[in-house]
Amino acid sequence: MRADLTIDLSALQHNWRCFRDLSSGVTAAVVKADAYGLGAGKVAGALASAGACDFFIAQTQEAEAVRQAIGSGGKIYLLGGLFAGDIDLIKRDNIIPILNTPEQIKLHKSILNNHPFAVHLDTGMNRLGVSPVDWASVKPHINNADLIMSHLSNAEDKTDSMNTHQRKLFMDLTDGMTPPRSLSASYGTAFGADFHFDMTRPGIGLYGSAVLPNIKPVVGLSLPVLQVRKIAKGAPVGYDGTWVAPVPSTIATLNAGYADGIFYALARGELHLFADEIACPLIGRVSMDLMSVDISHLAETPTHLSLLNHHQGIDSVAKTAQTIPYEVLCALSQRYARNYING
Ligand SMILES: *Cc1c(COP(=O)(O)O)cnc(C)c1O
């Protein structure tokens, strides 16, 4: 019996179109970290058939699956920057390095001259990119860049003044330059046209986080029931006996745990597993490969219970675990077979 991780490619395409329909510029797709764990090749292929031509990865080795999926036409931007050891892969998969420092801009000139490149300008996140103090010295050398980009640090809070501050700095520093510009990921794109520039770069919204009103869930996760037992009132369940049956109960043991990305912290909140439409509470601790669910109120013993579905998506699971939906997706175990539907 195996868990079933379902990835709905038509919902993914729908979500990409939601972003595309918002802006007049290019809508890219961020597929770093194996498309947030969902499979970069399948995801990039589906988005390319929906019309996406621009893809962002974080590390050079992520390009191969994307290049194979999208063919020779689309663009693959590398967020991690340019390092001499990556030149062969950059050429082979025709990757556009996003240059993050004056040194990388020099390196590009010396060993990859005429190969397309982009530049990341750091407008306040202090993480990656050319800092504003270095901008004047690099500006004259990057007029033939494919893209100048920056990244918002506080975009999950629309009211945060950092957003307008970064936007203004981006405008001021790139004023009059010819390359296309890009500032926003999913959240920034939702702010509206002022934040779109020539290209938007959504990631998490494509994968089902409700950044826009019409986003559809992409991921379904159904976990197999290994064993069912009836226990008496007062019987404890799981490590440390943190849950004790208040009445005679029926407990299902599922074959998934924190080794599969079902966070231990989920047991501190209220998580449900679903038998079709019926919610059943997670009880006790989450183990490495196992978890316990109270199914006393079900009429029939299920073979599987669903953790991610249209009742409970990546946003609500993240909230229960006090983390972010990005981590919920990236943690989804490689032990789960990925089952692509509606492709
Ligand atoms: C990850 C990332 C994105 C996508 O962000 P989401 O919040 O997932 O939409 C866009 N741009 C950069 C630079 C990133 O690192």
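That block above? That's the structure.
Given the structure is predicted, the values throughout are model-derived calculations rather than measurements. (Residues numbered from 1 in each chain as written. Predicted model: local features only at pLDDT ≥ 70, side-chain atom pairs only at ≥ 80, totals over all residues. Heavy atoms only, no water.)

1. Comments concerning the packing of helix α1 (residues 9-22) against helix α3 (residues 40-50)
At step 1: At their nearest, the axes of α1 and α3 sit 9 Å apart, and the two run at 55 degrees to each other. In terms of their interaxial angle, α1 and α3 are classed as oblique. You can see that α1 and α3 cross each other, and the crossing is right-handed. On α3, the residues touching L9, L12, Q13, W16, R17 and R20 of α1 are K42, V43, A46, L47, S49 and A50.
At step 2: Of the residues that constitute the contact of α1 with α3, the class distribution is 7 nonpolar, 2 polar and 3 charged. (Axes fitted to C-alpha atoms, helices over the stretch in contact; angles between N-to-C directions. Helix = DSSP H or I, 4+ residues; strand = E, 2+ residues; numbered from the N terminus. Parallel < 35°, antiparallel > 145°, perpendicular 65-115°, else oblique. Left-handed = near helix turned anticlockwise from the far one by under 90°. Contact = heavy atoms within 4.5 Å. Nonpolar A, V, L, I, M, F, W, Y, C, P; charged D, E, K, R; others polar.)

2. Considerations on the site of the ligand
At step 1: Neighbouring residues of the ligand: 14 residues in total, closest K32, Y36, S186, I204 and Y326.
At step 2: One nitrogen or oxygen atom from the side chain of K32 is found 2.7 Å from an oxygen atom belonging to the ligand.
At step 3: Notes on the ligand: free accessible area 390 Å², of which the protein chains cover 92%. (Near = heavy atom within 4 Å. Polar contact = N/O pair within 3.5 Å; in protein donor to acceptor, adjacent residues only side chain to side chain. Areas by Shrake-Rupley, 256 points an atom, 1.4 Å probe, with all protein chains shown as cover.)

3. Structural notes on the packing of aromatic side chains
At step 1: Evaluated as defined, the whole model comprises 6 aromatic pairs.
At step 2: Their ring planes at 15 degrees and their centres at 4.8 Å tell us that F56 and Y77 sit as a pair that is stacked. Remark: Y77 occurs in strand β5 (residues 75-78) and F56 occurs in strand β4 (residues 54-57); sequence separation between them is 21 residues.
At step 3: An aromatic cluster of at least three residues, connected via ring pairs, comprises Y36, Y207 and Y326.
At step 4: Geometry around F195 places R167 over its ring, the cationic atom sitting 5.8 Å from the centre. (Phe/Tyr/Trp six-rings, centres within 6.5 Å; stacked < 30°, edge-to-face > 60°. Lys NZ or Arg CZ within 6 Å of the ring centre and 35° of its normal.)

4. Digging into helix α8 (residues 161-174)
At step 1: In a regular helix each residue adds 1.5 Å, so 14 residues correspond to 20 Å; α8 covers 20 Å between its end C-alpha atoms and thus fits that length.
At step 2: Of all the positions in α8, only N163, Q166, F170, L173 and T174 are classed as buried. Mapping the buried residues of α8 onto a view down its axis gives an arc of 110 degrees, with all of them on the same face. Summarising the geometry of α8, the exposed residues directed more than 90 degrees from the buried face are S161 and T164.
At step 3: Packed against the buried residues of α8 are α7 (132-138), β8 (147-149) and β9 (181-182).
At step 4: The residue sitting at the N-terminus of α8 and contributing the capping side-chain oxygen is D160; that oxygen lies 2.9 Å from the backbone nitrogen of M162.
At step 5: Of the residues flanking the end of α8, it is G176, one or two places downstream, whose phi is positive at about 80 degrees. (Expected span 1.5 Å × (residues − 1). Buried < 20%, exposed > 50% of the residue type's maximum accessible area, 1.4 Å probe, protein only. Arc of directions from axis to C-beta.)

5. Section: the pattern of salt bridges
Oppositely charged side chains are able to pair whenever their charged atoms sit close together.
At step 1: Per the stated rule, a full pass over the model turns up 9 salt bridges.
At step 2: The salt bridge involving D21 is made with R20; its shortest N-O contact spans 3.1 Å.
At step 3: In this structure, the salt-bridge partner of D93 is R92, at a minimum N-O distance of 3.0 Å.
At step 4: For D93, a relative accessible area of 6% translates into the label buried.
At step 5: Put simply, E64, R92 and D93 are held in one network by salt bridges that share partners. (Salt bridge = Lys/Arg side-chain N within 4 Å of Asp/Glu carboxyl O.)

6. Quick look at the packing of α3 against helix α4 (residues 63-70)
At step 1: Where α3 meets α4, the axes come as close as 8 Å, and the angle between the chain directions of the two elements is 35 degrees. The handedness of the crossing between α3 and α4 comes out as right-handed. Across the interface between the two elements, A40, G41, A44, G45 and A48 from α3 touch A65, V66, A69 and I70 from α4.
At step 2: Its residues assigned to classes, the contact of α3 with α4 comprises 7 nonpolar, 2 polar and no charged.

7. Overview of the pairing of strand β1 (residues 4-8)
At step 1: Buried residues dominate β1, accounting for 4 of its 5 residues.
At step 2: Sheet analysis places β1 next to strand β19 (residues 337-341), joined by 5 bridges and oriented parallel. Bridge assignment links D4 to a residue of β19, and that residue is A337.
At step 3: Summarising the sheet, β1 and strand β11 (residues 219-231) pair through 4 bridges and their orientation is antiparallel. In the strand pairing of β11, D4 is matched with S222. (Pairing = 2+ DSSP bridges.)

8. Observations concerning unusual backbone geometry
At step 1: Backbone geometry at D34 places phi at a positive 55 degrees, although glycine is not the residue there.
At step 2: Along the chain, D34 turns up in helix α2 (residues 32-36).
At step 3: Given a relative accessible area of 34%, D34 falls into the partly exposed group.

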